[in-house]
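# Summary of the model geometry
Take a look at the letters that make up each chain.
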Amino acid sequence: MILIISSQNADINSPVDPRFGRSQFFIKYDTNTNHWEAIKNSSVNQRGGAGIAAAQIAVNHKAEVVISGDFGPNAFNALKAAGITMMTFLQDTSTVQDTIDHYKQGKLNPFE
Amino acid sequence: MKNSKALCIAVASGKGGTGKTTVATSLALSLTPQENVLFLDCDVEAPNGHLFLRPRIEAEKKAVILIPRIDVEKCLTCGKCVEVCQFHALAEIGKSIMIFPQLCHGCGSCAWHCPSKAIKEIKNPIGVLEAGLALKGIRFAHGILTISEPMATPIIRQLKKWQKTETGSVIIQDAPPGASCSVVETLRGADFALLVSEPTPFGLHDLKQVLDILKEMNIPGGVIINRDGIGDFQVDQFLKQNHIPIMMRIPYSTEIASAVAAGKTLLDVSSNYGLEFKTLFSQIKKRVMENETC
Ligand code: SF4
Ligand code: SF4
């Protein structure tokens, strides 16, 4: 399963970023291999459409689950159309690693 | 005056509520009937010039932009359109292209770059343009944005193109507040920018942003200090250091505030303003001519 989590820094121990489209980085995590990589959000400073651009990143990286604090309507529609599951962090103060653990423990709620 | 034969003065301010519209409408009223004035309210998200100039709307035109429609039969899902859309109005999801019309600025890039001519452009209404004669024979036009997404730039562009400008006429453009793209669009092609600011630290911060835009666009400008007497001297000092002229000062007064609230202009408060604005106008003309010869 490929997860994408919005993150403040390019590191798995970084705090999560609550804003999906405006997140500085995305951490891509493969639950089968436990391998992770950081993806820079190149659209973070764009005025409009950052949510769609971020959704496009998730689609291009073949994410199956995207975890963030909130999703705007455009990002929501794009991710939904792509069949990607959206989930929210337990707390905005968690790290990316905590969030992955929470996901594995089935503690996260779907965003609808 | 550059290419066209009319003198175009844009009235702008870094922030809202500085009295920009009061200045723009007072200027327009003081120049008639000697000058042939066209007033364009470019603050399409919250137009209010009509409250002061009271035009009788006689002409109306829909403002539209062209947004893409994709022919799925012809689409190769190559992703080229998504890549070229700088507004992120398109996304490639699985085997299809999703369009987000609220984000589309109608720039036409996607259709232009599509290798298989799969993109047809269809009209999407974004607002309406209205025009008519206002007080003292001022020709008036404004645009009203009717969609929720901020799509002000295209409608301002259409508004500026809509009304004929006659030789020797004066165009006064009331810009939206702020320092966004829509302000840049209003300023584009202007011969002079009149900036209205309050003498407060906030006023200064916002004024600096607009002054930066002017510099970049190479448009000469001057400042009107409104509500003079409140705040401090930071704006004065800054303008002096940067050799930007203060062209007029409007004192803080409750009389002016209540006149504006009642839809009146400065000319209703005191006839002296008529003369002041005429003097201001000749200074502007002089500055524009100097700017063109050098
Ligand atoms: S550029 Fe044309 S062919 Fe390519 S994905 Fe877009 S619409 Fe389809
Ligand atoms: S017309 Fe321009 S803004 Fe609209 S979808 Fe095409 S490229 Fe994007």
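Residues numbered from 1 in each chain as written. Chains lettered and ligands numbered in written order. Predicted model: local features only at pLDDT ≥ 70, side-chain atom pairs only at ≥ 80, totals over all residues. Heavy atoms only, no water.

### Focus: the overall build of chain A
Of regular secondary structure, chain A possesses three helices and six strands. Ordered by position from the N terminus, the helices and strands of chain A form the series β-β-β-α-β-α-β-α-β. For 112 residues, the compact-globule estimate of 2.2 N^0.38 gives 13 Å, and chain A sits close to it at 12 Å. For the C-alpha atoms alone, the extent of chain A along its principal axes is close to 35 × 25 × 25 Å. Put simply, chain A has 112 residues, and 50% of those count as buried. Contacts spanning at least 24 positions in sequence make up 48% of the contacts within chain A whose residues lie at least 6 apart. Here chain A carries 9 positive and 10 negative side-chain charges, and the mean point of each set is 8 Å from the other. (Helix = DSSP H or I, 4+ residues; strand = E, 2+ residues; numbered from the N terminus. Rg over C-alpha atoms; globule rule 2.2 N^0.38 Å. Buried < 20%, exposed > 50% of the residue type's maximum accessible area, 1.4 Å probe, protein only. Contact = heavy atoms within 4.5 Å. Lys, Arg positive; Asp, Glu negative; His and termini not counted. Charge placed at Lys NZ, Arg CZ, Asp CG, Glu CD.)

### A word on the environment of Thr165 of chain B
Residues and elements named next belong to chain B. Within the fold, Thr165 resides in the loop between helix 5 (152-162) and strand 8 (170-174). By relative accessible area, which is 30% here, Thr165 ends up partly exposed. Taking the C-alpha atoms as reference, Thr165 lies 25 Å from Thr265; in sequence the two are 100 residues apart. Not counting residues within four places of it along the chain, the set of residues in contact with Thr165 comprises Ala6, Leu38, Arg139 and Ile171.

### Considerations on the site of ligand 1
Near ligand 1 lie 13 residues; those nearest to it are Cys75, Leu76, Cys78, Cys81 and Cys114 of chain B. In terms of residue class, the shell around ligand 1 is made up of nine nonpolar, three polar and one charged. (Near = heavy atom within 4 Å. Nonpolar A, V, L, I, M, F, W, Y, C, P; charged D, E, K, R; others polar.)

### Side note on the nonpolar core
Counting 77 residues, the largest nonpolar core has Phe20, Val66 and Leu79 of chain A together with Leu187, Leu195, Leu211 and Leu239 of chain B as the members making the most contacts within it. Residue-level mapping places this core at the junction of two domains, with at least three residues from each of domain 1 (2-63 + 133-293) and domain 2 (72-117) of chain B. (Core = buried A, V, L, I, M, F, W, Y, C linked by side-chain atoms within 4.5 Å. Domains from an automatic or database assignment.)

### Quick look at the site of ligand 2
Around ligand 2 sit Pro68, Cys85, Phe87, Ala89, Leu90, Cys104, His105, Gly106, Cys107, Gly108, Ser109 and Cys110 of chain B, and those are all the residues in its vicinity. Broken down by class, the residue content of the shell around ligand 2 amounts to eight nonpolar, four polar and no charged.

### Points about unusual backbone geometry
Residue and element names in this part refer to chain B. The omega torsion of the bond from Thr32 to Pro33 falls at 0°, within 30 degrees of zero and hence cis. Take Pro33: it is sitting in the loop between helix 1 (20-31) and strand 2 (37-41). Positive phi is not limited to glycine here, since Lys117 has a value of about 50°. Locating Lys117 in the fold gives a position in the loop between helix 4 (109-113) and strand 6 (119-133). Although it is not a glycine, His243 adopts a positive phi angle of roughly 55°. Of note, His243 is situated in the loop between helix 8 (234-241) and strand 11 (246-251). Judged by relative accessible area, His243 falls into the exposed class, the value being 71%.

### Description of the environment of Phe26 of chain A
Residues and elements named next belong to chain A. Take Phe26: it is sitting in strand 2 (residues 25-30). Along the sequence, Phe26 and Ala54 sit 28 residues apart, while their C-alpha atoms lie 9.0 Å from each other. Discounting chain neighbours no more than four positions away, the residues touching Phe26 are Ile4, Ile5, Ser6, Phe20, Glu37, Ala38, Ile39, Asn41, Ala54 and Ile57.

### Considering the domain arrangement of chain B
Segmentation of chain B into domains returns domain 1 (2-63 + 133-293) and domain 2 (72-117). The centre of domain 1 of chain B, based on its C-alpha atoms, is set 38 Å off from the matching centre of domain 2 of chain B.

### Description of the packing of helix 1 (residues 50-60) of chain A against helix 2 (residues 73-81) of chain A
Residues and elements named next belong to chain A. Closest axis-to-axis distance for the helix 1/helix 2 pair is 7 Å, and the angle between their directions is 25°. The orientation of helix 1 relative to helix 2 falls into the category roughly parallel. Between helix 1 and helix 2 lies a crossing of right-handed hand. On helix 2, the residues that touch Gly51, Ile52, Ala55 and Ala58 of helix 1 are Asn74, Ala75, Ala78 and Leu79. When its residues are assigned to classes, the contact of helix 1 with helix 2 shows six nonpolar, two polar and no charged. (Axes fitted to C-alpha atoms, helices over the stretch in contact; angles between N-to-C directions. Parallel < 35°, antiparallel > 145°, perpendicular 65-115°, else oblique. Left-handed = near helix turned anticlockwise from the far one by under 90°.)

### A few points about the interface of chain B and chain A
Each side of the interface is counted separately: chain B has 13 residues, and chain A has 14 residues. Between chain B and chain A lies a buried interface of about 1,100 Å² when both sides are counted; carbon and sulfur atoms form 62% of it. The largest share of the area that chain B buries against chain A comes from His88, Ile93 and Phe100 of chain B, three residues that together contribute 46% of it. Per element, the largest residue contribution to the side of chain B that touches chain A is four residues, and it comes from strand 4 (residues 90-93) of chain B. (Buried area = accessible area lost by both parts, 1.4 Å probe.)

### As for helix 2 of chain A
Those residues of helix 2 of chain A lying buried are Asn74, Ala75, Ala78 and Leu79 of chain A. The buried side chains of helix 2 of chain A occupy one side of the element, clustering within an arc of 125° when seen end-on. Exposed residues on helix 2 of chain A whose side chains face more than 90 degrees from its buried face are Pro73 and Lys80 of chain A. Contact partners of the buried residues in helix 2 of chain A: helix 1, strand 4 (65-68) and strand 5 (85-88) of chain A together with strand 4 and strand 5 (96-99) of chain B. Looking one or two residues past helix 2 of chain A, Gly83 of chain A carries a phi angle of roughly 75°, positive in sign. (Arc of directions from axis to C-beta.)

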